[in-house]
Amino acid sequence: MKQTNVLNEAQLSILRLLGSMKTVEEVNELRQVICDYYARKVDDEVDKLWESGQWNNEKNEAVLKEHLRTPYQVCSLGRF
C-alpha cells in the first residue's frame, strides 16, 4: 500500500514562513506567537462555557479533585 502525505495550504504557508527565518530565536518567537494564539482561543471557548452556564465553580472543583493517575500493577516477581 502506497502512503502519500499531502500538506494543506496552511501547513505549506507555515513552511514557507519558516524557510525565511534565519535564526533559532526567530523560530522560537514564532512558536510563542502560535502558542499565544491558541491560548487565546482556549480562553475564549472557556469564557463561552462559563457564560452559557455549561461550566461553573462546582465543575472546576470536581476536576481539581479528580484522580487521573494510571494505576500500575507489579507482578509477583517484583517486575513489570
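Relevant structure appears above.
This report concerns the structure included in the present document. Chains are numbered independently. Their residues run from 1 in the order of the written sequence. Local features in this predicted model are restricted to residues whose pLDDT is 70 or higher, and side-chain atom pairs enter the listing and the counts only when it is 80 or higher, whereas totals over whole chains, interfaces and linings include all residues. To get the side-chain values, all heavy atoms of the structure are used, and hydrogens and water are removed first.

### As for the packing of aromatic side chains
(1) Moving on: Paired rings are identified among Phe, Tyr and Trp, the last through its six-membered ring, by centres lying within 6.5 Å, and are further divided according to the angle between planes into stacked (under 30 degrees), edge-to-face (over 60) and tilted (the rest). Tallying each qualifying case throughout the model produces one aromatic pair.
(2) Moving on: Where Y37 meets Y38, the ring centres are 5.0 Å apart and the plane angle is 80°; that geometry is what we call edge-to-face.

### Examining the environment of L49
(1) Moving on: Residue position: L49 is located in helix α2 (residues 24-52).
(2) Moving on: Note on definitions: a residue-residue contact is assigned when non-hydrogen atoms from the two residues lie within 4.5 Å. In this structure, L49 is in contact with Q54 and W55, ignoring residues within four places of it in sequence. Every helix listed is a DSSP run of H or I at least four residues long, and every strand listed is a run of E at least two residues long, numbered separately from the N terminus.

### Things to note about a negative patch on the surface
(1) Moving on: Nonpolar side chains (Val, Leu, Ile, Met, Phe, Trp, Tyr) within 5 Å and like charges within 9 Å form the patches, drawn only from residues with over 30% relative accessible area and no salt bridge. Residue-level accessible areas treat just the shown protein chains as cover; the underlying method is Shrake-Rupley with a 1.4 Å probe. The working definition used for a salt bridge is a side-chain nitrogen of Lys or Arg within 4 Å of a carboxyl oxygen of Asp or Glu. Charge assignment in this entry is limited to Lys and Arg as positive and Asp and Glu as negative, and neither His nor the chain termini are counted. Note on charges: their place is set at NZ of Lys, CZ of Arg, CG of Asp or CD of Glu. Together, D43, D44, D47 and E51 make up a negatively charged patch on the protein surface.
(2) Moving on: Judged by its relative accessible area of 42%, D47 falls in the partly exposed class. Classification of residues uses two cut-offs on accessible area relative to the type maximum, computed with a 1.4 Å probe and protein chains only: under 20% is buried, over 50% is exposed, and between them is partly exposed.

### Brief notes about a nonpolar patch on the surface
(1) Moving on: A contiguous nonpolar patch, built from L7, L12, I14, L15, L17, L18, I34, Y37 and Y38 and spanning about 750 Å² of accessible area, is present on the exposed surface.
(2) Moving on: Of all elements in the fold, only α1 (9-19) and α2 reach the threshold of two or more residues within the nonpolar patch.
(3) Moving on: If one sorts the elements of the nonpolar patch by residue count, α1 sits on top with five residues.
(4) Moving on: With respect to the helices and strands, L12 occurs in helix α1.

### Notes on the pattern of salt bridges
(1) Moving on: Within this structure, the stated rule accounts for two salt bridges.
(2) Moving on: In this structure, E9 and R16 form a salt bridge, with 2.8 Å as the shortest nitrogen-oxygen distance.
(3) Moving on: What makes E9 exposed here is its relative accessible area of 52%.
(4) Moving on: On the accessibility criterion, R16 (51% relative accessible area) is exposed.
(5) Moving on: Across the pair K48 and E45 runs a salt bridge, and its minimum N-O distance is 3.3 Å. Here E45 and K48 lie together in helix α2, a separation of three residues that amounts to about one turn.

### Considerations on α2
(1) Moving on: Helix span is expected to be 1.5 Å times the residue number reduced by one. The end-to-end C-alpha distance of α2 is 42 Å, a good match for the 42 Å that 29 residues give at a rise of 1.5 Å each.
(2) Moving on: Looking one or two residues beyond α2, the residue adopting positive phi is G53, at roughly 85°.

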